[in-house]
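A look at the structure
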Amino acid sequence: MEPVVRVAPSILAADFTCLADEIRRAEAGGADLLHLDVMDGAFVPNISFGPLVVEAVRRVTRLPLDVHLMIEEPVRYVEAFAGAGARWLTVHVEACADVAGTLEEIRVQGLRPGLALRPGTPFAEVEPFLDALDLLLVMTVEPGFGGQSYMEDQEPKLARARQLRESAGHSYRIEVDGGIGRTTAPGAVAAGAEFLVAGSALFTDPDLPGFVSTLQKLAGSPSADPEQGSSAP
């Protein structure tokens, strides 16, 4: 699989008093997709937003929406997020009573299924489901809080994800989320990451387009993406 780095600004780090403008700024800066963190106050301590905000974001951008559900029993809400305009829908292996069934429901609803794991979760927990994935998300911070420091000790999981994809012929993309910035992204990409979720570092950078371009160039120039614009309003 061709190594192409894509940058996904996390809107949780944007200024919500002018969210539409922040989204347009990220899009104009060259972002490839948008990352939306949904938190329920149960699986993680914080509460963020739900399908209504995802639907609102869908109306102001043509970028694909990468929705990350940090919620318990996410299968209950797959249909709602599909209707709201998500394109990629990622759930946590730790949060599903029936991981395979949840991933299947995501695909039935016409979305691309993703699976995430916390830093403390062994990679072996996701291995039985790799053939059902379009996206594998390795968390390099504890989920639920923005602005945390990158956990370099999670890079072996990225490497393992790449090694298994190559050896077994899987087709999932490898995403990393947590503390990604100009200094930490190179290590993540070298280990295997292709989709880079960036929050605080991206939205506070004085040169947002330069930030995005720097990360994209870590593995060559981005090529045409069949997902680009596929979830347009």
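Residues numbered from 1 in each chain as written. Predicted model: local features only at pLDDT ≥ 70, side-chain atom pairs only at ≥ 80, totals over all residues. Heavy atoms only, no water.

Let us now look at the overall build of the protein chain. The helix and strand inventory of the protein chain stands at 8 helices and 8 strands. In terms of C-alpha radius of gyration, the protein chain reaches 16 Å, essentially the compact-globule figure of 17 Å for 233 residues. C-alpha extents for the protein chain along the principal axes are approximately 40 × 35 × 35 Å. Counting all 233 residues of the protein chain, 53% fall into the buried class. Across the protein chain, every contact between residues at least 6 apart in sequence was considered, and the portion connecting residues at least 24 apart equals 66%. (Helix = DSSP H or I, 4+ residues; strand = E, 2+ residues; numbered from the N terminus. Rg over C-alpha atoms; globule rule 2.2 N^0.38 Å. Buried < 20%, exposed > 50% of the residue type's maximum accessible area, 1.4 Å probe, protein only. Contact = heavy atoms within 4.5 Å.)

The next subject is the nonpolar core. Nonpolar side chains in soluble globular proteins tend to be buried together. Within the largest apolar cluster, 62 residues are counted, with the highest numbers of intra-cluster contacts made by L36, V67, I180 and L196. Of all hydrophobic cores here, the second largest spans 6 residues; its members include A8, L33, L135 and V197. (Core = buried A, V, L, I, M, F, W, Y, C linked by side-chain atoms within 4.5 Å.)

The pairing of strands in a sheet comes from backbone hydrogen bonds and takes either a parallel or an antiparallel form. Spatially, the 8 strands line up as an open sheet ordered β1-β8-β7-β6-β5-β4-β3-β2, and their pairing is parallel. At either end of the open sheet lies a strand with only one pairing partner, and these are β1 (6–9) and β2 (34–39). Averaged over neighbouring strand pairs, the angle between their axes works out to 25° when direction is ignored. Bridge analysis of strand β6 (residues 135–139) against strand β7 (residues 173–177) gives 5 bridges, and the strand direction is parallel. Following the sheet pairing, L135 is matched in β7 by R173. (Pairing = 2+ DSSP bridges. Axes fitted to C-alpha atoms, helices over the stretch in contact; angles between N-to-C directions.)

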